[in-house]
Amino acid sequence: MHNSRVKIAPSILAADFSRLGDQVAQAQAAGADLIHIDVMDGRFVPNITMGPLVVEALAKAVTIPLDVHLMIVEPEKFVRRFADSGADIITVHVEACLHLHRVLGQIAEAGCTPGVALNPHTPASFIAEVMDMAPVVNVMTVNPGFGGQRFIEGMLPKISRLRKMAHARGVDLDIEVDGGISPHTITKVVAAGATVAIAGTCVFQHERGIAAGLRELRAAISDRQLSCDEETAN
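Rules and cut-offs
Residues numbered from 1 in each chain as written. Predicted model: local features only at pLDDT ≥ 70, side-chain atom pairs only at ≥ 80, totals over all residues. Heavy atoms only, no water. Buried < 20%, exposed > 50% of the residue type's maximum accessible area, 1.4 Å probe, protein only. Helix = DSSP H or I, 4+ residues; strand = E, 2+ residues; numbered from the N terminus. Arc of directions from axis to C-beta. Axes fitted to C-alpha atoms, helices over the stretch in contact; angles between N-to-C directions. Parallel < 35°, antiparallel > 145°, perpendicular 65-115°, else oblique. Left-handed = near helix turned anticlockwise from the far one by under 90°. Contact = heavy atoms within 4.5 Å. Nonpolar A, V, L, I, M, F, W, Y, C, P; charged D, E, K, R; others polar. Pairing = 2+ DSSP bridges. Right-handed = clockwise from strand over helix to strand, strands pointing away. Core = buried A, V, L, I, M, F, W, Y, C linked by side-chain atoms within 4.5 Å.

Undergrad: What is the right way to read helix α6 (residues 183-192) from this model?
TA: All of the buried residues in α6 are Thr-185, Ile-186, Val-189, Val-190 and Ala-192. The arc that holds every buried residue of α6, seen down its axis, measures 155 degrees, which confines them to one face. One or two positions beyond α6, positive phi appears at Gly-193, with a value near 125 degrees.

Below is the structure:
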């Protein structure tokens, strides 16, 4: 189990962009560990979202790390721009990088933490040769492009495989899970070995507000830990 290390990263894709600065500040005040920013180009995924100017604005609104997820083709052309805008973590897709090793090196040289994302159909083994270069791996548990999708249960074994790979290699790996995260699914991904839960709708669109959404996710993790501790004691 990795509950003591679990971070929650609210995804602004589900935020109200007319109040974006205020909403991310609320998320930080409520205990969010990161702010997740989905950058989509309408080519790698069937949607267009935001760019470096949004990252630059958010860097002025919060002090917690900005986790920038590039769902774009040719991400190497934009790494420096996003780094200069205030990104702390830059994640690129295996499927979008012809020379993944080079791009991860480029991210590190720009002063950011390199991350690799895997689409649902992409095996965990595809990052085996670059795991030592990417302290962050983002497991997509929905098909990328839109928020509010249903969690794909079949991705849980992939999370477990990545955790075992990291353990075997002695790599300190943050496994992010992105898509369909709720108080129900967060317990499953944490049990599988995830350490970062990216959550959009259940935080920014919670009926009782952002803080309540984060509290429910934290409570679900705590309840899972308590249940496991009781099983161990028995």
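Undergrad: Just to check I follow, could you spell out the packing of helix α1 (residues 20-29) against helix α2 (residues 52-61) for this structure?
TA: How two helices pack is summed up by the angle between their axes together with the distance between the axes. In contact at an axis separation of 9 Å, α1 and α2 are set at 50 degrees when each is read in the N-to-C sense. Of the possible angle classes, the one that applies to α1 and α2 is oblique. The hand of the α1/α2 crossing is right-handed. Two secondary-structure elements touch here, α1 through Leu-20, Gly-21, Val-24 and Ala-25 and α2 through Val-54, Leu-58 and Ala-61. Residues belonging to the contact of α1 with α2 are distributed by class as follows: six nonpolar, one polar and no charged.

Undergrad: Got a minute to help me understand the pairing of strand β6 (residues 136-140) in this structure?
TA: Looking down a regular strand, the side chains alternate between one sheet face and the other. The buried fraction of β6 is high, at five of five residues. Covered by surrounding structure in β6 are Val-136, Asn-138 and Met-140 together with Val-137 and Val-139, the residues of both alternating faces. When strand β5 (residues 113-118) meets β6, the two strands line up parallel, connected through four bridges. From the neighbouring strand, Ala-117 faces β6, where its bridge partner is Asn-138. With respect to chirality, the unit in which β6 leads through helix α5 (residues 156-169) into the neighbouring parallel strand β7 (residues 174-178) is right-handed.

Undergrad: Sorry, what's going on with the nonpolar core here?
TA: Generally speaking, soluble globular proteins have nonpolar side chains that are buried together. In terms of nonpolar packing, the biggest core is built from 71 residues, with Ile-12, Ile-35, Ile-37, Leu-162 and Val-189 touching the most fellow members. Grouped together as the second largest cluster of nonpolar side chains are six residues, Leu-34, Val-136, Val-196 and Ile-198 included.

Undergrad: Is there a simple way to explain the side chain of Thr-122 in this structure?
TA: When you line up the elements, Thr-122 lands in the loop between β5 and β6. Dropping the residues within four chain positions of it, Thr-122 is found in contact with Val-94, Glu-95 and Lys-158.

Undergrad: Is there a simple way to explain the pairing of strand β2 (residues 35-40) in this structure?
TA: Counted residue by residue, β2 has six buried out of six residues, so it is predominantly covered. Examined bridge by bridge, β2 and strand β3 (residues 66-71) share six bridges and lie parallel to one another. If you follow Val-39 over to β3, its bridge partner there is Leu-70. A crossover links β2 with its parallel partner β3, the connecting element being α2, and its sense is right-handed.

Undergrad: Sorry, what's going on with unusual backbone geometry here?
TA: It is generally the case that most residues other than glycine have a negative phi and that most peptide bonds are trans. In this structure, Glu-74 is a non-glycine residue whose phi angle is positive, near 50 degrees. On the secondary structure map, Glu-74 appears in the loop between β3 and α3 (79-85). Accessibility expressed as a relative area gives 35% for Glu-74, which makes it partly exposed.

Undergrad: Where do I start with the environment of Leu-58 in this structure?
TA: Its place among the elements puts Leu-58 in helix α2. For Leu-58, a relative accessible area of 2% gives the class buried. Once you skip the residues sitting within four places of it in the chain, Leu-58 turns out to touch Ile-12, Leu-20, Val-24, Ile-35, Ile-37 and Leu-66.

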